[in-house]
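Below are the chains, spelled out letter by letter.
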Amino acid sequence: MFDIGFSELLVIAVVALIVLGPERLPKAARFAGLWVRRARAQWYSVKDELERELASEELKRNLKDAQDALRDTEQRIRDSTRESERQFEDLRQAARDDAKALRDDVESAITPPALAKPPAVDPAPESAGPVTEDEGRPASTTDAHGDAPQDATPAPEAGTTADLFPPKDAR
């Protein structure tokens, strides 16, 4: 530290012995040792405090960096979630539009507007009995004479696929 060699220490000891004398020299040496220990303890205390302060500053800086990185990551996750939700909604809407267009195409292929007829309702006399809602004819299972059961299947209506698409001629 101060680069004091053995010869310099020997000179200091001889001067102290001459100035203080043999009676007060041990007491002065203990007192000097006490001050040197206190100075070292104070120095180590200041050194440790500086090291702790630097370590705490470094920890604070690392914690702040970690928090910033966490915020950035959280923001990126939120952005990607929003983007995914937006893409999902776009796909959902496109699927709905495609399904609606397909449904309209199928409905127009099955029953074109020019050939579609409103369902015909037979005006049944009230004396014939109750009328079913789906067929528009009496609910009884016998014919008008009452001796043979009626056919339960309705007659095919005009505008079915067989009427729209006749079979192709053989070539």
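Just so you know, these numbers come straight off a predicted model, no measurement behind them. (Residues numbered from 1 in each chain as written. Predicted model: local features only at pLDDT ≥ 70, side-chain atom pairs only at ≥ 80, totals over all residues. Heavy atoms only, no water.)

*Asks:* How do you make sense of the overall build of the chain when you look at a structure like this?
*Replies:* In terms of regular secondary structure, the chain is built from 2 helices and 0 strands. Considering the chain as a whole, with its 171 residues, one finds that 2% of them fall into the buried category. Taking the contacts inside the chain whose residues are at least 6 apart along the sequence as the reference set, 22% of them involve residues at least 24 apart. Accessible surface for the chain amounts to roughly 15800 Å². Of this, 60% is attributable to carbon and sulfur atoms. (Helix = DSSP H or I, 4+ residues; strand = E, 2+ residues; numbered from the N terminus. Buried < 20%, exposed > 50% of the residue type's maximum accessible area, 1.4 Å probe, protein only. Contact = heavy atoms within 4.5 Å. Areas by Shrake-Rupley, 256 points an atom, 1.4 Å probe, with all protein chains shown as cover.)

*Asks:* I'm lost on the packing of aromatic side chains in this one. Help?
*Replies:* The geometry of an aromatic ring pair is captured by two quantities: the separation of the ring centres and the angle between the planes. Applying the stated criterion across every chain, the model contains 1 aromatic pair. Residues Phe31 and Trp35 carry aromatic rings whose centres are separated by 6.1 Å and whose planes lie at 70 degrees to one another, so their mutual orientation is edge-to-face. Of the two residues, Phe31 and Trp35 are both situated in helix α1 (residues 6–110); the distance of 4 residues between them amounts to about one turn of the helix. Just above the ring of Trp35 sits the side chain of Arg38; from NZ or CZ to the centre is 5.5 Å. (Phe/Tyr/Trp six-rings, centres within 6.5 Å; stacked < 30°, edge-to-face > 60°. Lys NZ or Arg CZ within 6 Å of the ring centre and 35° of its normal.)

*Asks:* Would you mind going over the pattern of salt bridges with me for this structure?
*Replies:* When the charged atoms of two side chains with opposite charge come close together, those side chains can pair. In this structure the tally under the stated criterion is 6 salt bridges. The salt bridge involving Asp68 is made with Arg71; its shortest N-O contact spans 2.9 Å. Here Asp68 pairs with Arg71, and both are found in helix α1, just 3 residues apart, close to one helical turn. Exposure remark for Asp68: the relative accessible area of 29% places this residue in the partly exposed category. (Salt bridge = Lys/Arg side-chain N within 4 Å of Asp/Glu carboxyl O.)

*Asks:* Sorry, what's going on with the environment of Leu17 here?
*Replies:* Counting through the fold element by element, Leu17 comes out in helix α1. On the accessibility criterion, Leu17 (43% relative accessible area) is partly exposed. Those residues in contact with Leu17 that lie beyond four places of it in its chain are Pro22 and Leu25.

*Asks:* How do you make sense of α1 when you look at a structure like this?
*Replies:* Since the α-helix turns once every 3.6 residues, residues separated by three or four places project in the same direction. Over its 105 residues, α1 extends only 117 Å from the first C-alpha to the last, a length that falls short of the 156 Å expected when each residue adds 1.5 Å. The sharpest bend along α1 reaches about 110 degrees and sits at Gly21, with the proline Pro22 one to four residues further on. (Expected span 1.5 Å × (residues − 1). Bend = angle between axes of the 7 residues up to and from the residue.)

*Asks:* Help me understand a nonpolar patch on the surface, please; the structure alone is not making it clear to me.
*Replies:* Nonpolar side chains collect at one region of the surface, where Phe6, Leu10, Val11, Val14, Val15, Ile18, Val19 and Leu20 lie side by side and expose about 800 Å² of accessible area between them. Within the element layout of this structure, Leu10 appears in helix α1. (Patch = residues over 30% accessible without salt bridge, like charges linked within 9 Å, V, L, I, M, F, W, Y side chains within 5 Å.)

Nothing here speaks to function; it is geometry throughout.
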